[in-house]
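# Residue-level structural notes
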Amino acid sequence: MMNNTKIAILTLYYKNYNYGGVLQAYALQRALNQLGYDAVQISYRLETGKENWNPVKAKIKKPLAYIYHLMKYGTWYKNYNLRRKKIEAFSIQIPHTEVVTASTITKLSDQYDCYICGSDQIWNPLSWQPTFFFDFLPENKKRIAYASSISRETLTEEEYTFISKYIELFTAVSVREGNSAKMLEQRFPESKVECMPDPVFLLDKTEWEKIANKKSSQDAYIFAYFLGKDNENREAAFQYAKEKGIKIIFSSHMNYQQYEWERTHTKEISDPLGVEEFLQKISNATLVLTDSFHAAAFSSIYRTPFFVLPRFKANEKNSMNSRIRNLVEELGIAARFTDKLEDDYGWKVNELENISSNIKRLQKKGKDFLIYAINSDK
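Residues numbered from 1 in each chain as written. Predicted model: local features only at pLDDT ≥ 70, side-chain atom pairs only at ≥ 80, totals over all residues. Heavy atoms only, no water.

## Some thoughts on the nonpolar core
Just so we agree on the cut-off: Throughout this description, the term nonpolar core refers to a set of buried Ala, Val, Leu, Ile, Met, Phe, Trp, Tyr and Cys residues connected via side-chain atoms within 4.5 Å. Using a 1.4 Å probe on the protein chains alone, a residue whose accessible area is under 20% of its type maximum counts as buried, one over 50% counts as exposed, and one in between counts as partly exposed. The secondary structure listing takes helices from DSSP runs of H or I that are at least 4 residues long and strands from runs of E that are at least 2 residues long, numbered from the N terminus.
Of all hydrophobic cores here, the largest spans 67 residues; its most connected members are Leu 32, Ile 116 and Trp 208. Per-element tally for this core: the top contributor is helix α1 (residues 19-34), with nine residues. Formed by 36 residues, the second largest nonpolar core is a distinct cluster that contains Ile 105, Phe 134, Leu 155 and Ile 167.

The following block contains the structure:
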């Protein structure tokens, strides 16, 4: 039953062509509605909050960039855009506001009772914007951080100074990674920073099965989804499938760095996938090989065996490996994050039990946090 509390969610929603980014936005909005709140996504145009953004240059640059990429990549670029259109078709179904920029978002500051930022990497220092810390809200407005991902285990003094200007105004603060929560809790103990699950875990498995139903008649295949720029993990997945004698399907047309590799592996490359198709590929797969947080999350939700290969080298600056390591540890399946693919990919003893019990625990934890924070008098 809907109550009168109106909530605006600020995350990487508008024109986000990353499957995980769109799905976490969908999940948080839907979970809040299921809890009885009237929630919408803020359609915030991300690039407008960057220091070098110029609306005139942006208007000129876009058509020129399209022509350049079409000439350079040809049919591949057409499929790249088709994938983006498919993702946007899913995204626009999520209840949302009008499109706003860093300078016009203030018009929304008096239209909602509560503002929630998160999840995804909105608090990653690589692309920090004051907007994602609600700098446009008056001090008396309720603001909550839900599983806002920092994707880092350390911050510089300059970065601590930046975040300190905003964090004390939050009613409740939570981040997605346990190590990030401990780091912020030590520096800002008065904020009582907690670790909360990614929004995709707030919805029941049955909710996700409505989007991607299993098809038992399909032949066995490995689904490979890699976001890293180098091809080391792709080659490892390709060789693993070859050794196992199992068909492998690579998710395709995601970024320009993958163009050359995909051009030389056309038999293994999928057609451009929409959001529903992406989930179907995971739910129906014999095995998922990935370097992606959300591919690992949905493999767990659908109970599809998977391995996550590190996207970053050990001790690499700005590494985001910790967020995936935190995920598999939280689910009680730590061995699923590995730099070496094991011969036996099937579920090990207790892994399925661990996933089921821990997802149930995380779902309750996340919903309890949201209910308490939204109804708090602070």
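## Focus: the sheet that holds strand β6 (residues 172-175)
Selection criterion: For two strands to count as paired, DSSP must find a minimum of two bridges between them.
Reading across the sheet, the seven strands line up as β3-β2-β1-β4-β5-β6-β7 and stay open at both edges, with parallel pairing between neighbours. The sheet terminates laterally at β3 (96-100) and β7 (194-195), the two strands that pair on one side only. Bridge count for strand β2 (residues 38-44) against β3 is three bridges, and the pairing is parallel. Following the sheet pairing, Ser 43 is matched in β3 by Val 99.

## Some thoughts on the packing of helix α9 (residues 275-284) against helix α10 (residues 293-302)
For clarity, the threshold we go by: Here, axes are lines fitted to C-alpha atoms. For helices the fit covers the stretch in contact, and angles between N-to-C directions go from 0 to 180 degrees. In this scheme, roughly parallel covers angles under 35 degrees and roughly antiparallel covers those over 145, while 65 to 115 is roughly perpendicular and the rest are oblique. A crossing counts as left-handed when the near helix is turned anticlockwise from the far one by less than a right angle, and as right-handed when that turn is clockwise. By definition, residues are in contact when any of their heavy atoms lie within 4.5 Å.
Packing of α9 against α10 leaves a shortest axis separation of 9 Å and a crossing angle of 55°. With respect to α10, the axis of α9 lies oblique. Between α9 and α10 lies a crossing whose hand is right-handed. Along its contact with α9, which presents Leu 279, Ile 282 and Ser 283, the element α10 presents Ala 295, Phe 298, Ser 299 and Tyr 302.

## Observations regarding the side chain of Thr 97
We apply this condition: Any N or O atom pair separated by 3.5 Å or less is treated as a polar contact, with the protein-specific requirement of one donor-capable and one acceptor-capable atom, and with residues adjacent in sequence counted only for side-chain atom pairs.
Looking at where Thr 97 falls in the secondary structure, it is placed in strand β3. A distance of 3.1 Å separates the side chain of Thr 97 from the backbone nitrogen of Ser 43, its partner in a polar contact. Not counting residues within four places of it along the chain, the set of residues in contact with Thr 97 comprises Val 40, Gln 41, Ile 42, Ser 43, Leu 108 and Tyr 112.

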